[in-house]
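Now for the letters of each chain:
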Amino acid sequence: MKRPFSEYPPAGPSSPNTLPDEEDEDEVMLKIERGSDELLSQTGAVSNGSVMSPAPNHADNNNDAKKVKLDTKNPGAPSRVIHIRNIPNEVTEAEIVHLGIPFGKVTNVLVLKGKNQAFLEMSDEVAATTMVNYFTNCTAQLRGRAVYVQFSNHKELKTDQNHSNANPSAQAALQAAQALVNQTDTQGGPNTVLRVIVEHMIYPVTLDVLYQIFSRVGKVLKIVTFTKNNTFQALIQYPDVVTAQAAKMTLDGQNIYNACCTLRIEYSKLSNLNVKYNNDKSRDYTNPNLPTGDPALDSALAIGGAPGALASPFAAMHGLSSPLTAAYGASPAGAPNLNLPNRTGENASATGMPFTGMPLAGVTPTAAALGAAGIRLPGQPSPNCVLLVSNLNEEMVTPDALFTLFGVYGDVLRVKILFNKKDNALVQMSEPHQTQLAISHLDKMKTWGKQIRVTLSKHQTVQLPKEGQPDAGLTKDYTNSPLHRFKKPGSKNYQNIYPPSATLHLSNIPPTVDEEQIKDAFTHAGASVKAFKFFPKDRKMALIQLGSVEEAIAALIKMHNFQLSDSSHLRVSFSKSTI
């Protein structure tokens, strides 16, 4: 597992404790002040225990160097200016700034790419001391390369208007860093446990996906996922405050997939997570021997031996060796990429933030993980779009009823109620990720007095009856139905998908229809209306609260597309709100 800020061996023959003397920094500073490469070429600048050759592109560094002045102080003493050595040539100002963000306010930055060195100025010596002490115990990394952090001989980093914090990239990094620090100040103090809310969850987000994302920042100890207020949430515990703070500042506001599944991160009030089971809802990565909570699976693991060998029983159950190797790799063509900051910052503008954060590698799910989101890799068989719905009420179920109910979570193309087993039906969705949404929201829901089960079918498509073959109306094709909610690419309806609830959202209400007419219509449909409320600023929409979730499911099936006037049909969906 990845350690905080990636504690990997140094990229060189010496150990992290083998630091060049402070005189080496003075040589670099002397070179900067003189604007000459002669001294460096004569004496050599030591980096990671070896002599650095002068960079081929001297002119740019010389021009930059002439514009930098530093005020000196006693060598070896703490300073708010930090000297960072052995940085990669392609490193950005934002990456350097991010090293300092968890420790306090960063006030200036200077990157000397040709010399593989950088200077970071903190707001005070306390923050700088905390940073140096932290990276003394664990090696910092930038783009997979060990970098060394120590106090500078200089007490202040001064630059003119043509360099450093006046440079657009440096200025953008500093401004973004300040915005993140201000946000933290308003949300309370840091903790090792983060509370993560996933907004606009069009594609399924699993515990293993969260692990892959958050372990890029540092070692993840525990994860607990749950649904609250109809929103998918998670608690994620890191080993220390610094790593948790880095994760929050790096990932807050990022989209897991393009234009959806947005991470909202705040500090939890909890200081430790108590995880009882290792399964698809919770995971303790420090204790792989925990049971799954499923007696059948636990028994199978016990018989098979060594359940502790599986860091993730759930991952093993789905063909994944462990959360560390949970089938993540190359980006599939046409797939919604995980839209997080990567090593080169290509996605930096996706959230309007020029700040790339930690140098996270771009993460994109492959076959096994993308199966949940319904994404097909080149060369992979087409994922299944057909659902098997069982334990239905034979007296109540119809193809139209299933079309309406499952149509809340995707566009239903075909429905077949099995002729010889009428409490079972096949429902074909238009997209694989819609099948996952339907499973996650409708499986085990009480509908018409019975708890229905929703799983993937072994069938790849729902076959229509041959011409002339009797079917008794049990199979229907809805491919060209005008009632599909998601036929427009990027439909806003994707942002309003919620689990079944007792409160329904009504829309397309004509101005001639009042509250009593709507309540009467729902009562006539067999529902008990508990509350009703028009939207204050838009009377075309309203909320209606019924006696139970089961009542609301039945009412949605009956009332969606209900004709309110000659030209208006009611639109009904589940709401995340209550009245």
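Residues numbered from 1 in each chain as written. Predicted model: local features only at pLDDT ≥ 70, side-chain atom pairs only at ≥ 80, totals over all residues. Heavy atoms only, no water.

Visitor: Looking at this structure, how should I read the nonpolar core?
Guide: Side chains of a nonpolar character, in soluble globular proteins, are inclined to be buried together. In terms of nonpolar packing, the biggest core is built from 84 residues, with Phe214, Phe406, Leu504, Leu506 and Phe522 touching the most fellow members. Not counting residues up to four positions away in its chain, the partners in contact with Leu504 are Phe522, Ala542, Leu543, Ile544, Leu546, Ala552, Ala555, Leu556, Val572, Ser573, Phe574 and Ser575. In this structure, Ile96, Ile101, Val109 and Met249 belong to the second largest nonpolar core, which totals 31 residues. (Core = buried A, V, L, I, M, F, W, Y, C linked by side-chain atoms within 4.5 Å. Buried < 20%, exposed > 50% of the residue type's maximum accessible area, 1.4 Å probe, protein only. Contact = heavy atoms within 4.5 Å.)

Visitor: Please explain the sheet that holds strand S6 (residues 117-122) as it appears in this structure.
Guide: Ordered in space as S5-S6-S4-S8-S7, the five strands form an open sheet in which the pairing is antiparallel. Among the strands making up the open sheet, the edge pair consists of strand S5 (106-112) and strand S7 (140-142). The sheet shows a mean angle of 30° between the axes of neighbouring strands, direction not considered. Where S5 and S6 come together, six bridges link them in antiparallel fashion. For Leu110, the partnering residue across the bridge sits in S6 and is Phe119. Strands strand S4 (81-85), S5, S6, S7 and strand S8 (145-151) of the sheet are contacted by helix H4 (residues 93-100), whose axis makes an angle of about 135° with S5. (Pairing = 2+ DSSP bridges. Helix = DSSP H or I, 4+ residues; strand = E, 2+ residues; numbered from the N terminus. Axes fitted to C-alpha atoms, helices over the stretch in contact; angles between N-to-C directions.)

Visitor: Looking at this model, I keep getting lost on unusual backbone geometry. Mind explaining?
Guide: Leaving glycine out, the prevailing phi sign among residues is negative, and the prevailing peptide bond configuration is trans. The backbone of Asn86 sits at a positive phi, close to 70°, despite the residue not being glycine. Despite not being glycine, His200 has its phi angle at roughly 50°, a positive value.

Visitor: Explain H4 here, please?
Guide: Since there are 3.6 residues in each turn of an α-helix, residues three or four apart along the chain are aligned in direction. Of all eight residues in H4, eight are buried; the element is thus mostly enclosed. Turning to H4, its buried residues number three or more, namely Glu93, Ala94, Glu95, Ile96, Val97, His98, Leu99 and Gly100.

Visitor: Hey, could you run me through the confidence of the model for the protein in this one?
Guide: Reading fine detail from the predicted coordinates is not recommended where pLDDT is low. Taken over all residues, the pLDDT of the protein has a mean of 73, while the share at 70 or more is 67%. The model gives residues 161-166 a pLDDT under 50, and that stretch makes 21 contacts with residues more than four places away or in other chains. Predicted confidence for residues 305-337 stays below pLDDT 50, and this span has 76 contacts to residues more than four positions away or in other chains. (pLDDT = per-residue confidence, 0-100.)

Visitor: Just checking my understanding: could you explain the pattern of salt bridges for this structure?
Guide: When the charged atoms of two side chains with opposite charge come close together, those side chains can pair. This model, assessed by the stated rule, comprises ten salt bridges. Put simply, Arg80 and Glu156 hold a salt bridge, and the shortest N to O gap is 4.0 Å. Here Arg80, found in the loop between strand S3 (68-72) and S4, pairs with Glu156, found in strand S9 (residues 154-159); they are 76 residues apart in sequence, far enough to count as distant. A salt bridge links Lys519 to Glu516, with the nearest nitrogen and oxygen atoms 3.8 Å apart. Placement of both Lys519 and Glu516 in helix H14 (residues 515-524) is noted, with a separation of three residues, approximately one turn of the helix. Residue classification places Lys519 among the partly exposed positions, given a relative accessible area of 22%. Since its relative accessible area comes to 44%, Glu516 is described here as partly exposed. The network of salt bridges with shared partners includes Arg80, Glu121 and Glu156. (Salt bridge = Lys/Arg side-chain N within 4 Å of Asp/Glu carboxyl O.)

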